[in-house]
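# Fold and contact review
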Amino acid sequence: MTAQPVPVTVIGLGPMGRAMVRRLLAGGHPVTVWNRTASRADGVVAAGAALAPTPRAALEAADLVLLSLTDYAAMDAILDGATDALDGRTLVNLSSDTPERTREAAAWASVHGAAFLTGGVMSPAPTVGTDDAYAYYSGPRDMFDRHREVLAELAAPRYVGADPGLAQLMYQAQLDVFLTALSALMHATALVGSAGIPARDFLPEALTTLADIPAMLAAGEGGRESTGARIDAGRHPGDLSTATMMGATADHLVAASAAAGIDVGLPRAVQEHYRRAIDAGHGADGWTRIVDGIRDPR
């Protein structure tokens, strides 16, 4: 909890926005809220938040303004008519969009006299305020330091740099892992389901595979160097699993999926990663060599 309660405005009351409001109220902060659909504020207003009648009134209620919206276009639509109220305030935009769009928004905020922090909360709404929650931030370091204590009440803050696009990039990269893994789980479920294996029996088995991946990545060549360190150094030893071996496995997965009559888009994308590495003469290298073809698909 911060030493002194800090007034905070929260604009956007989806599940994440409402969870943040409740956590801030629990920390003793005066919280003002605004949402396009006013009825979404009923629960947090009953818990002690103040409902602003307009976006302008919401901005004027606090120097620290948190935005929890669908995307940055929603920020534009909501704040466009109240830009004169931005002067001297800090906008912390926790919405999802592209890094470039984030940089444009930071420049727009600066024109109107506001500081801008990009945030990416890497936790679902139910974990806000718990030890499991963390978030990436980027933008002016002094503004981050000024508001760190309040932000830390929502999720452990991880500052990644002054470039406002960096937190968004980290957020999207993490979602890359998350969404791809979810699709892989559903694709695998469909594959075994084609033979009558129920999802309730298969998914626990699949989760053990996901749980094994951290140990695989942590142990590098001979256990002396992490996978990430080897990639950074441009080393891809094929002592454990070569691109050729993994590529053959991808070929088999495509064939099995086609035979089962299920969608082959995901396994074909994986197959292409290994085809590129093999065609470039790196079949004897480790599986991490596929990063080259992903970085430059030409």
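## What about the overall build of the chain?
- Each helix and strand in the chain was counted, giving 12 helices and 8 strands.
- Each principal axis of the C-alpha atoms in the chain carries an extent, and together these give about 60 × 45 × 35 Å.
- Within the span of the chain, comprising 298 residues, buried residues form 42% of the whole.
- Long-range contacts, defined here as pairs at least 24 residues apart, represent 60% of the contacts in the chain between residues at least 6 apart.
- Counting 23 positive and 33 negative side-chain charges, the chain places the averaged centre of each group 1 Å from the other.

## Considerations on the packing of aromatic side chains
- Summed over all chains, the structure comprises 4 aromatic pairs.
- Aromatic pair Y137 and F144: ring centres 5.9 Å apart, planes at 40°, arrangement tilted.
- A relative accessible area of 1% means that Y137 is categorised as buried.
- Accessibility expressed as a relative area gives 0% for F144, which makes it buried.
- Site record: aromatic cluster; members linked through ring pairs are Y137, F144 and Y159.
- A cation over an aromatic ring shows up here: R158 above the ring of Y134, its NZ or CZ 3.9 Å from the ring centre.

## Structural notes on helix 10 (residues 243-260)
- Across its 18 residues, helix 10 extends 25 Å between first and last C-alpha, which sits within 8% of the 26 Å expected from 1.5 Å per residue.
- Those residues of helix 10 that sit buried are A243, G247, A250, V254 and S257. All buried residues of helix 10 project into a common sector of 80° when viewed along the axis, lining one side. Among the exposed residues of helix 10, those oriented more than 90 degrees off its buried face are H252 and A259.
- Along its buried surface, helix 10 packs onto helix 7 (165-193) and helix 11 (265-279).
- Phi for G261, located one or two positions after helix 10, is positive at around 80°.

## Some details on the environment of T54
- Along the chain, the position of T54 falls in the loop between strand 3 (50-51) and helix 3 (55-60).
- Residue classification places T54 among the partly exposed positions, given a relative accessible area of 36%.
- Remark: the alpha-carbon pair of T54 and S96, spanning 42 residues in sequence, is separated by 23 Å.
- A distance of 3.1 Å separates a polar side-chain atom of T54 from the backbone nitrogen of A57.

## Let's talk about the pairing of strand 6 (residues 115-121)
- Most of strand 6 sits out of view: 7 of its 7 residues are buried.
- Going residue by residue along strand 6, you find A115, L117, G119 and V121 tucked away on one face and F116, T118 and G120 tucked away on the opposite face as well.
- By the bridge criterion, 4 bridges tie strand 5 (residues 90-93) to strand 6 in an arrangement that is parallel. Bridge pairing in strand 6 places V92 opposite L117.
- Following the backbone out of strand 5, through helix 5 (residues 99-111) and into the adjacent parallel strand 6, one traces a crossover that is right-handed.
- Pairing between strand 6 and strand 7 (residues 134-138): 4 bridges, direction antiparallel. In the strand pairing of strand 7, G119 is matched with Y137.

Cut-off values and rules
Residues numbered from 1 in each chain as written. Predicted model: local features only at pLDDT ≥ 70, side-chain atom pairs only at ≥ 80, totals over all residues. Heavy atoms only, no water. Helix = DSSP H or I, 4+ residues; strand = E, 2+ residues; numbered from the N terminus. Buried < 20%, exposed > 50% of the residue type's maximum accessible area, 1.4 Å probe, protein only. Contact = heavy atoms within 4.5 Å. Lys, Arg positive; Asp, Glu negative; His and termini not counted. Charge placed at Lys NZ, Arg CZ, Asp CG, Glu CD. Phe/Tyr/Trp six-rings, centres within 6.5 Å; stacked < 30°, edge-to-face > 60°. Lys NZ or Arg CZ within 6 Å of the ring centre and 35° of its normal. Expected span 1.5 Å × (residues − 1). Arc of directions from axis to C-beta. Polar contact = N/O pair within 3.5 Å; in protein donor to acceptor, adjacent residues only side chain to side chain. Pairing = 2+ DSSP bridges. Right-handed = clockwise from strand over helix to strand, strands pointing away.

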